[in-house]
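# Per-entry structural report
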Amino acid sequence: MAKHKTAPAAKFLLAIAGVIVLILIAGVLFTSNESTMMKWAFVPSHEIATEEATEAPDYSSETAWAARPGMSTNALLLPEGIMQTMQVPEADVFYIHPTTYLSKERWNAPLDGDEAALGRRANFALKYQASAFGLAGQVYAPKYRQAAFGAFFDDSGQGVQALVKAHADVLAAFDHYMANDNDGRPFILAGHSQGALHALLLLAERIAINEDLKERMIAAYIIGWPVSLEGDLAPLGGIDACESPKDTGCVVSFQSFSKDGDPSGILEMFAKTPGLNGKPRAGTTMLCTNPLNWHVGAKAPKDANLGAVELVSGAEASPHLPQALPAHAVASAASFT
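Each value, and the rule that gives it
- Residues numbered from 1 in each chain as written.
- Predicted model: local features only at pLDDT ≥ 70, side-chain atom pairs only at ≥ 80, totals over all residues.
- Heavy atoms only, no water.
- Helix = DSSP H or I, 4+ residues; strand = E, 2+ residues; numbered from the N terminus.
- Expected span 1.5 Å × (residues − 1).
- Bend = angle between axes of the 7 residues up to and from the residue.
- Buried < 20%, exposed > 50% of the residue type's maximum accessible area, 1.4 Å probe, protein only.
- Disulfide = S-S within 2.5 Å.
- Phe/Tyr/Trp six-rings, centres within 6.5 Å; stacked < 30°, edge-to-face > 60°.

If you check helix α5 (residues 194-207), its first and last C-alpha atoms are 19 Å apart, about what 14 residues at 1.5 Å a residue would give, namely 20 Å. Along α5, the largest kink reaches about 25° and is centred on Leu201. Counting buried residues along α5, 14 of its 14 residues qualify, which places the element largely inside the surrounding structure.

Here we come to the state of the cysteines. Evaluation of the coordinates by the stated rule reveals 1 disulfide. Cys242 shares a disulfide with Cys250; S-S distance 2.0 Å. Handedness of the Cys242-Cys250 disulfide follows from its S-S torsion of about 95°: it is right-handed. Each member of the pair, Cys242 as well as Cys250, carries the same accessibility label: buried.

Counting across every chain of the model gives 12 aromatic pairs. Plain terms: the ring middles of Phe174 and Tyr177 are 6.2 Å apart, the flat faces sit at 50° to each other, and that makes the pair tilted. Separated by 3 residues within a single helix, Phe174 and Tyr177 lie in helix α4 (residues 158-180), roughly one turn from each other. Given the relative accessible area of 1%, Phe174 is considered buried. Members of the aromatic cluster, each reached through a chain of ring pairs, are Tyr59, Trp65, Phe94, Tyr140, Phe174, Tyr177 and Phe187.

In structure tokens, the structure reads:
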């Protein structure tokens, strides 16, 4: 496997990534009243500099992973009626879980010290997200000192520091995985929400600058965090949007809403923030992959849906609901200014 080297272009991307995170924090704020309420409810009231330091995860230890081969976790669950047929996994899945820490006690979550966050990680993130890749390969899901939910409503710069700390753990986990576990296999990169942000930055900082990793990446699923075709993917040197189920080395991304959901918050944040190229994303195209057919900005009928699962708490299989919903991808059909 080719060794990672930080080229000048990579250093530029790292600097841009820092700027992006800073502006993204400001961009996710809602209207003034909503922002005040969210800050009061979720943003820690203490300075991040006064927070008791916690040790960085040791990814050579199984305890630093939420899921990995050999561990019995909810990432192994399959819906009722779905059988595990894979005997020798030929690919890996590096999955980065979303924000599960809602407390305002800390800017960065402890790895294992908050029972509510642990429950959300096990019974939602691993069960309903990581497990979706269970038939594709072996799942590696690092624990990391995630930024608290309140970090996304902070405008003091401390939320940025929390995200930077969280991202350092994700990079360390990915580097350890590549050096010790991957053994040259193809891999899928997947993340949701905060995890998707870390995945997008990881694409720039590790994969786009390493031809071996680019060649072996099956796809990157960056879900629940907006991605600009021109601003984020174009600078990645050939890592483009997936356009069909057979495409590889590409990116899948979408935001999900109910039929009457309001995407205005996401669209406003997208328009006000820069891409990985350092330029404003206003006027560029948000990637919206239809998850039923992999086509960008496309519709798919209900019968294209192979099924969904019903949300069930706990560590048991969920009922399989065949042909549950149609899907209509709309975000990539127009540019936003």
